[in-house]
Amino acid sequence: DMKVTQMPRYLIKRMGENVLLECGQDMSHETMYWYRQDPGLGLQLIYISYDVDSNSEGDIPKGYRVSRKKREHFSLILDSAKTNQTSVYFCASSLSRGGSDYTFGSGTRLLVI
Amino acid sequence: GDSVTQTEGLVTLTKGLPVMLNCTYQTTYSPFLFWYVQHLNEAPKLLLKSSTDNKRTEHQGFYATLHKSSSSFHLQKSSVQLSDSALYFCALSEPSSSGSWQLIFGSGTQLTVMP
């Protein structure tokens, strides 16, 4: 069963704490993505990873960094979380070719207080 | 650059009525369009996709036709159900600077179906 798995599903952190969001996929997809979703703003791209250690900023990378040391695993890190980073974070993966659709994870709901 | 426009942020309908959610796009490449559906507290899931001009694509009662002449890919259903209440995203596939591909998403349309 092909899927993208995100951990944790829910997370509460205090402002200034570090946050690690993890994402795994079992489809050997080259490309992985991190998005955040806020009401009225749709899906905003944070980072793209084209393969191991090959990452690129998306539209809103400030305050975030990523790590991809294995093709099947892609992490999003928030160093010193801020309250405006409260959001729902989605990981996705796809094949690196035109017309390929995304498989999304179930999302991580992060609350920074 | 490439873009996707969804003009309606919120659509409210009574069960059994038809619906059309608008999607237009801009691209310099051969277009490949997608519709994703996201139910409350769930992940977005692919609903349908197309790259063929003037050919209707259908799935789960929804259908869309890519019209390159008008740069449109509107989503339609002839009779909405309560379970169709969800957030719908239109997306366009485009090449990234690295040579890979990525989806450009519209802002989404929230469809609410009333009894």
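Attention here is on the structure that accompanies the text. (Residues numbered from 1 in each chain as written. Chains lettered and ligands numbered in written order. Predicted model: local features only at pLDDT ≥ 70, side-chain atom pairs only at ≥ 80, totals over all residues. Heavy atoms only, no water.)

To continue, consider the interface of chain B and chain A. Contacts between chain B and chain A engage 21 residues on the former and 22 residues on the latter. The contact between chain B and chain A buries some 1,600 Å² in all, and 56% of this surface belongs to carbon and sulfur atoms. Remark: the boundary between chain B and chain A carries one salt bridge. Inspection of the region where chain B meets chain A yields six residue pairs in polar contact (both at pLDDT 80 or more). Looking at the side of chain B that touches chain A, the elements with two or more residues in it are strand S5 (33-38), strand S6 (45-50), strand S10 (86-95) and strand S11 (101-105) of chain B. For the side of chain B that touches chain A, the element with the highest residue contribution is S11 of chain B, accounting for four residues. A breakdown of the residues in the side of chain B that touches chain A according to their chemical character gives 11 nonpolar, eight polar and two charged. (Contact = heavy atoms within 4.5 Å. Buried area = accessible area lost by both parts, 1.4 Å probe. Salt bridge = Lys/Arg side-chain N within 4 Å of Asp/Glu carboxyl O. Polar contact = N/O pair within 3.5 Å; in protein donor to acceptor, adjacent residues only side chain to side chain. Helix = DSSP H or I, 4+ residues; strand = E, 2+ residues; numbered from the N terminus. Nonpolar A, V, L, I, M, F, W, Y, C, P; charged D, E, K, R; others polar.)

With that settled, the discussion passes to the packing of aromatic side chains. Using the criterion set out here, one finds 17 aromatic pairs over all chains in the structure. Note on Tyr102 of chain A and Phe104 of chain A: the rings are 5.9 Å apart at their centroids and 55° apart in plane angle, and the pair reads as tilted. Its relative accessible area of 8% is what places Phe104 of chain A among the buried residues. Of the aromatic side chains, those joined through ring pairs into one cluster are Tyr33, Tyr35, Phe90, Tyr102 and Phe104 of chain A together with Phe32, Phe34, Tyr36, Phe89 and Phe105 of chain B. (Phe/Tyr/Trp six-rings, centres within 6.5 Å; stacked < 30°, edge-to-face > 60°. Buried < 20%, exposed > 50% of the residue type's maximum accessible area, 1.4 Å probe, protein only.)

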